[in-house]
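# Structural overview for review
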Amino acid sequence: GPKVLQIPSHQIIDMGQMVTLNCDPVSNHLYFYWYKQILGQQMEFLVNFYNGKVMEKSKLFKDQFSVERPDGSYFTLKIQPTALEDSAVYFCASSFDNQAPLFGEGTRLSVL
Amino acid sequence: QQQVRQSPQSLTVWEGETAILNCSYEDSTFNYFPWYQQFPGEGPALLISIRSVSDKKEDGRFTIFFNKREKKLSLHITDSQPGDSATYFCAASTGGSALGRLHFGAGTQLIVIP
């Protein structure tokens with residue numbers, strides 16, 4: 001079946017550096033999401049993106065975060081600069097109209 | 001404030017038994033409730049979902065029972081199999097264009113003993 005692909009699966013970075021998490025959503029999907037899961041805790045919504053724009057972002061989506069999807073390319077989450085509390089697994093998801101989102105396998109981000 | 005709560009945190013059943021996973025929510029505007037199954041090291045996978053206009057949704061061994069008045073729902077897994085051992089997340093959204101803006105519970109870790 002269709003899959004959401006996330007690259008890389010694990011990223012280790014020093015605090016203060018920039019990181020970009022990449023997501024290859026399902027080709028005909030229109031809505032794109034990022035969720036954050038800290039180990040042992042529930043998944044938390046960060047942001048959703050539709051028609052080239054951020055539709056909604058949560059309070060976890062700090063000013064250091066940004067998302068974009070240049071035409072036909074990855075849907076990306078950029079964190080600049082990173083902080084220790086950004087260490088988590090970040091899940092990308094995508095959906096077609098009025099359907100539950102399909103999640104990728106996540107990128108584990110470790111900020112040292 | 002947690003919008004979606006799940007219980008128990010962990011559940012162990014024998015193979016063949018029915019596992020019952022509970023979920024409750026706060027926001028009465030929630031009208032779409034998917035359940036996701038997650039295995040270690042993988043992303044959550046949609047298992048079954050229900051909309052608030054229904055009180056029951058069945059798909060094979062998985063059934064959701066929904067009580068709108070009490071703002072509660074439960075996932076029943078009949079004839080549990082060892083392969084069902086995973087973490088199950090209840091989620092909720094207001095539907096429409098915000099359908100994918102999900103509020104997740106903390107999950108129930110299910111262990112099925114052969």
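Please refer to the structure placed before this passage.
What counts, and where the lines are drawn
Along every chain, residues carry numbers that run from 1 in the direction the sequence is written. Lettering for chains starts from A, numbering for ligands starts from 1, and both go in the order in which the items are written. A pLDDT threshold of at least 70 governs which residues receive local features in this predicted model, and a stricter bar of 80 or more applies before side-chain atom pairs are shown or counted, although totals over entire chains, interfaces and linings include all residues. With hydrogens and water set aside, each side-chain value is computed from the structure's full complement of heavy atoms. Strands are runs of DSSP state E lasting at least 2 residues, helices are runs of H or I lasting at least 4, and numbering of each runs from the N terminus. The atom set for the radius of gyration is the C-alpha atoms, and the globule formula is 2.2 Å times the number of residues raised to the power 0.38. Relative accessibility under 20% of the residue-type maximum defines a buried residue, over 50% an exposed one, and the middle range a partly exposed one, all with a 1.4 Å probe and only protein chains included. We call two residues contacting when some pair of their heavy atoms lies within 4.5 Å. His is not counted, nor are the chain ends, whereas Lys and Arg count as positive and Asp and Glu as negative. Positions of charges follow a simple convention, taking NZ of Lys, CZ of Arg, CG of Asp or CD of Glu. Candidate patch residues must exceed 30% relative accessible area and have no salt bridge, after which like charges are joined if within 9 Å and Val, Leu, Ile, Met, Phe, Trp or Tyr side chains if within 5 Å. Calculation of accessible area relied on Shrake-Rupley with a 1.4 Å probe; when residues are assessed, cover is drawn exclusively from the protein chains displayed. One side-chain nitrogen of Lys or Arg within 4 Å of one carboxyl oxygen of Asp or Glu is enough to make a salt bridge. Whether two strands pair depends on DSSP finding at least two bridges between them. Orientation is described by axes fitted as lines to C-alpha atoms, over the contacting stretch for helices, and by angles from 0 to 180 degrees between their N-to-C directions. For this analysis, a nonpolar core means a set of buried residues of the types Ala, Val, Leu, Ile, Met, Phe, Trp, Tyr and Cys, connected via side-chain atoms within 4.5 Å. The definition used for a disulfide is geometric: two cysteine sulfur atoms within 2.5 Å. Here a polar contact is taken to be a pair of N or O atoms separated by no more than 3.5 Å, where protein atoms must pair a possible hydrogen donor with a possible acceptor and residues adjacent in sequence count only if both atoms sit in side chains.

Attention now moves to the overall build of chain A. When you go through chain A residue by residue, the secondary structure sums to 0 helices and 11 strands. The N-to-C order of helical and strand elements in chain A reads β-β-β-β-β-β-β-β-β-β-β. Computed over C-alpha atoms, the radius of gyration of chain A comes to 13 Å, within 12% of the 13 Å expected from 2.2 N^0.38 for 112 residues, which places it in the range of a compact globule. For chain A, the spread of C-alpha atoms along the three principal axes comes to 40 × 25 × 25 Å. Split into buried and exposed, the 112 residues of chain A put 46% on the buried side. Across chain A, every contact between residues at least 6 apart in sequence was considered, and the portion connecting residues at least 24 apart equals 54%. Each charge class in chain A can be summarised by its mean position, and for the 9 positive and 11 negative side chains these summaries are 1 Å apart.

Residues and elements named next belong to chain A. Judged by side-chain polarity, Leu30, Tyr50, Met55 and Phe96 come together as a nonpolar surface patch covering roughly 320 Å² of accessible area. Within the fold, Tyr50 resides in strand β5 (residues 43-50). Taking the relative accessible area as the measure of exposure, Tyr50 reaches 31% and is therefore partly exposed.

Residues and elements named next belong to chain B. Read from one edge of the open sheet, 5 strands run β1-β3-β8-β7-β6, paired in antiparallel fashion. Looking at strand neighbours, the two that pair on one side only are β1 (4-7) and β6 (56-59), the edges of this open sheet. Taken pair by pair, the neighbouring strands of this sheet meet at an average axis angle of 15°, ignoring direction. The sheet contact formed by strand β7 (residues 62-67) and strand β8 (residues 72-77) spans 6 bridges and is antiparallel. Among the inter-strand pairings, Ile64 is bridged to a residue of β8, identified as Leu75.

With that settled, the discussion passes to the nonpolar core. Judged by nonpolar contacts, the single largest core of 25 residues is most densely connected at Trp35, Leu73, Leu75 and Tyr88 of chain B. For this core, the secondary structure elements donating two or more residues are β2 (10-14), β3 (19-25), β4 (32-38), β5 (45-51), β7, β8, β9 (86-92) and β11 (108-113) of chain B. For Leu73 of chain B, the contacting residues outside a window of four places in its chain are Leu21, Asn22, Cys23, Tyr25, Phe33, Trp35, Ile64, Phe65, Phe66 and Cys90 of chain B. Ranked by size, the runner-up nonpolar core spans 22 residues in total, among them Val19, Phe32, Phe65 and Ile79 of chain A.

Strand pairing in a sheet relies on backbone hydrogen bonds, with the paired strands running either antiparallel or parallel. Residues and elements named next belong to chain A. Here we have 4 strands laid out as an open sheet, ordered β1-β3-β8-β7, and antiparallel in their pairing. In the strand order of this sheet, the two ends are held by β1 (5-7) and β7 (65-68), each with one partner. In this sheet, adjacent strand axes meet at a mean angle of 20° when their direction is disregarded. Relative to strand β8 (residues 75-79), β7 is paired through 4 bridges, and the arrangement is antiparallel. Bridge pairing links Val67 to Leu77 in β8.

Another aspect to go through is the state of the cysteines. Residue and element names in this part refer to chain A. Following the criterion strictly, the structure yields 2 disulfides over all chains and no others. Here Cys23 is linked by a disulfide to Cys92, with a sulfur-sulfur distance of 1.9 Å. Its S-S torsion of about -65° marks the bond between Cys23 and Cys92 as left-handed, since a negative value means left-handed. One end of the pair, Cys23, is in strand β3 (residues 19-24); the other, Cys92, is in strand β9 (residues 88-95), with 69 residues separating them in the sequence. The exposure class of Cys92 is buried, given its relative accessible area of 0%.

Turning to the side chain of Arg101 of chain B, a few remarks are in order. Looking at the element boundaries, Arg101 of chain B is found in the loop between β9 and β10 (103-104). The buried category is assigned to Arg101 of chain B, whose relative accessible area is 15%. At 3.1 Å, the side chain of Arg101 of chain B and the side chain of Glu56 of chain A are in polar contact. Residues contacting Arg101 of chain B, with those up to four places away along its chain left out, are Tyr33, Tyr35, Phe45, Asn48, Glu56 and Ser58 of chain A together with Ala92 and Ser93 of chain B.

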